[in-house]
Amino acid sequence: MTTVVPKFQLFRLYVTEKDFFDGLNLDDICILGSPDLPAVMSLKQVSKQQDDDDIFEEWVDDEGTEKKKATEWVDDDYDSGDLDLPPSNPEYEADELEEEKEEQDGEGSSNKKKKKQKKVKLRSFGPEDMQQVSFKIGMVFPTVVDLRKAIQEYVIQNRVQIKYAKNDLQRVRAYCNSEEDCPWYLFAAPYNNAKEFVVKNFVDKHTCESVWVLKQFTAKYLAAKYIAAFRANDKMTLKSFAMLVQTDFNMTPSRSKLSRARKLAVEEINGDEIQQYEQLWDYAAEGLINDVNALFPEAEHRFCMRHLYQNFNKKFKGENLKNRLWAIARSYNILNWRKNMDLMKELNQEAYEYLEAIDPKSWCTAFFKHLPRSDLLLNNTCEVFNKYILDARELPIRSMFDKINNQLMVRHYNKNLEHEDWCGLICPKIRKKLDKQVEMSNNCFATPSLKGVFQVTGLTGNYIVDINKGECECGSWQLRGIPCRHACSVFRHERIKPETKVCQSYSITAFKQAYATGILPCRDKRAWQKMDAIPVKPPLYENFVGRPSKKRRKIPLELQDGAKMSRHGTIPHCSL
C-alpha cells in the first residue's frame with residue numbers, strides 16, 4: 001500500500017470486518033494531510049456520503065494545500081490546474097455550485113476542523129440543446145464528437161472564433177482566437193473512465209466582436225442543416241439558398257461553398273450513383289424489372305409520323321408532299337391508301353419510291369392491328385411521359401426508379417378518384433369524339449339489307465356496316481373502337497344509343513378496373529434480399545464543358561413563334 005498510495009490523489013480503503021481493520025497499520029494507508037478515518041467505514045455509510053451518481057465532489061482542507069476528488073484520475077500529464085473547479089462565484093447557479101461548512105468537535109480536544117465541500121450537479125447535453133448552445137461546468141456529452149459538434153454550433157450561432165489548443169480522445173481545450181485577448185475558455189475531459197466528456201473548466205465571457213466569416217461554417221454543415229429544405233425543393237437555386245442562409249445565420253457564404261453544400265445535400269438524399277448501380281440486383285429482386293416481350297407478346301411496332309416526316313423532309317420538301325404524306329398515313333382502308341399513294345407518285349416519283357420501301361404496317365392506319373383500338377400516328381404518349389419524368393431522369397438510377405414509382409403511384413391514386421363524378425357509360429373524352437361522329441352522320445343515309453347489315457350512302461361513296469360485328473367498310477370503327485359516322489347513321493335508323501356500341505375498353509367500368517389495384521410502394525432498401533450476383537457498374541461517360549441541356553432540341557419546322565417566317569429550306573440567291 002505504501003507503494004501504491006503516492007500515485008493517487010485520493011485513495012480509499014473499504015473494510016467490512018472490524019477485526020481486520022484493527023489489525024492494520026494505519027501509517028501504511030494514511031497520507032499526511034488527509035482527513036481522519038473513522039474506526040469503521042461501512043458500505044452503508046459510504047453510500048450515504050455519496051448518495052447521487054450525478055454529484056461531482058471536491059474536498060478542500062483548511063490550508064488549501066491539497067485537493068481530493070471523488071472521481072477517477074488519468075495520467076499526471078492531464079492532472080493540471082485546469083481540472084480543478086473554479087472558486088465560488090455568484091454568477092454560477094446556486095443549485096450547481098454550493099458551499100457547505102461542517103464543524104467537527106472531538107472530546108477532550110479544543111481544536112475545530114472545518115471542511116469545505118463543493119458540489120457540481122452534472123447535466124447531460126441533449127439534441128434539444130443544439131437549438132441554443134450554452135456550456136456550463138458539469139455538462140456531460142455522450143462522446144467527444146458530440147462535444148465538437150456543440151462547439152461548432154456555438155461558434156456559428158454566436159459568430160465567434162474558437163480554436164482548439166488540444167483536441168483528442170483524452171481532453172478538449174478550446175479558447176477564443178480573437179485579437180482582443182478574449183478570456184473565453186473551455187476544458188473538457190473523460191468522466192469516470194468512460195466515453196462521456198464532462199466540462200471541468202469554463203469561462204463564459206466574450207470581450208471580442210462578432211465576425212462575418214467563420215472557418216467552421218463549412219459546406220458539410222450547410223448540407224446537413226438544409227437537407228430537409230432540399231428534400232422539399234430539389235430545384236432550389238443558389239440565389240434562393242443564399243438568401244435562406246443569410247436570413248438564418250446573418251452570414252453570406254461564397255457561391256462555390258453554396259454549390260458544394262447543395263451537391264452534398266442532393267447526394268445524401270438520392271444516394272451515391274455507383275452504390276445505386278451495385279444495388280440493381282437487389283432492386284430487381286423486388287419484381288420491378290420485367291421482360292417487355294413476355295408481358296406484351298402481341299404488341300406491334302409503329303413509327304412516329306413526326307420523326308418519319310423529318311427524315312422525309314430532308315430529301316423531299318414542299319407543302320403538297322407533306323399533305324399527301326399525311327393523307328397516306330391516315331388512310332383507314334387499303335383502297336384509300338392505294339389512291340393516295342398514286343397521287344404521291346404523280347407528284348414525285350422519288351418520294352413514292354421512298355415510301356414504298358418502308359413497311360406500311362409501321363406507319364399507315366390501313367395496316368394497323370385492330371386489337372389495340374388505337375389509330376395514333378404520333379409518339380405523343382411517350383413524349384408526355386418523358387416530360388412527366390424529366391426531373392427523375394436527372395437522378396441516379398435507383399433514385400430515378402423510386403421517384404418514377406412514386407409519381408405513378410400518386411397518378412393511379414388520383415385517377416381512381418377522378419371517375420367518381422362521371423356519369424353515363426363511357427369516359428368523357430371518348431364521348432366528345434362520339435358526339436362529333438354523330439354530328440357528321442347527318443349526310444349519311446342507311447339502307448337495311450340483312451339483320452344488322454346496312455348499306456350507307458355518304459359524301460364519298462357507299463359503305464357496308466355490320467352492327468353485329470362492329471365493323472364498317474371504311475375501317476375506322478374496328479380500328480378505333482368508336483363508331484364512325486356511317487355506323488351512327490345506322491344507329492339513328494334503328495334507334496340505338498351510340499354509346500352502347502363503343503368498345504368496352506372505353507367504358508367507365510373498364511377505367512375503374514384499370515386503376516382499382518393501383519401501384520404498391522416499394523419496401524425500404526434495408527429490407528431487400530441481398531443477391532449474390534455480378535456487381536453492376538455505371539457506364540463510362542465524358543463530362544463536356546458547360547451546363548448540360550435538359551430540353552429537346554426542336555427542328556426548325558417546330559419553331560412557330562416569332563414575327564418572321566423561317567428561311568429553313570429556302571434557296572438563297574446572290575444579288576450580284
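Residues numbered from 1 in each chain as written. Predicted model: local features only at pLDDT ≥ 70, side-chain atom pairs only at ≥ 80, totals over all residues. Heavy atoms only, no water.

Topic: the pattern of salt bridges
Here comes step 1: Per the counting criterion, the structure on display carries eleven salt bridges.
Here comes step 2: Note that Lys225 and Glu153 form a salt bridge whose closest N and O atoms lie 3.2 Å from each other. Placement of Lys225 in helix 5 (residues 219–225) and of Glu153 in helix 4 (residues 144–158) is noted, with a sequence separation of 72 residues between them.
Here comes step 3: Classification of Glu153 as buried rests on a relative accessible area of 5%.
Here comes step 4: Put simply, Asp168 and Arg171 hold a salt bridge, and the shortest N to O gap is 2.2 Å.
Here comes step 5: Under the relative-accessibility criterion, Asp168 is labelled partly exposed at 24%. (Salt bridge = Lys/Arg side-chain N within 4 Å of Asp/Glu carboxyl O. Helix = DSSP H or I, 4+ residues; strand = E, 2+ residues; numbered from the N terminus. Buried < 20%, exposed > 50% of the residue type's maximum accessible area, 1.4 Å probe, protein only.)

A few points about the nonpolar core
Here comes step 1: If you look at the biggest cluster of nonpolar residues, it comprises 45 residues, and the most contacted ones within it are Phe135, Trp184, Phe217, Leu222 and Phe241.
Here comes step 2: The set of elements that each furnish at least two residues to this core consists of strand 6 (139–141), helix 4, strand 8 (172–176), strand 9 (185–190), strand 10 (197–203), helix 5, helix 7 (238–249) and helix 8 (255–270).
Here comes step 3: With seven residues, helix 4 is the single largest residue contributor to this core.
Here comes step 4: Not counting residues up to four positions away in its chain, the partners in contact with Phe217 are Ile156, Leu222, Val245, Phe249, Met251, Pro253 and Lys257. (Core = buried A, V, L, I, M, F, W, Y, C linked by side-chain atoms within 4.5 Å. Contact = heavy atoms within 4.5 Å.)

Comments concerning a positive patch on the surface
Here comes step 1: A cluster of basic side chains, namely Arg411, Lys429, Lys432 and Lys433, defines a positive patch on the protein surface.
Here comes step 2: Per-element tally for the positive patch: the top contributor is helix 18 (residues 428–440), with three residues.
Here comes step 3: Relative to the assigned elements, Lys432 resides in helix 18. (Patch = residues over 30% accessible without salt bridge, like charges linked within 9 Å, V, L, I, M, F, W, Y side chains within 5 Å. Areas by Shrake-Rupley, 256 points an atom, 1.4 Å probe, with all protein chains shown as cover. Lys, Arg positive; Asp, Glu negative; His and termini not counted. Charge placed at Lys NZ, Arg CZ, Asp CG, Glu CD.)

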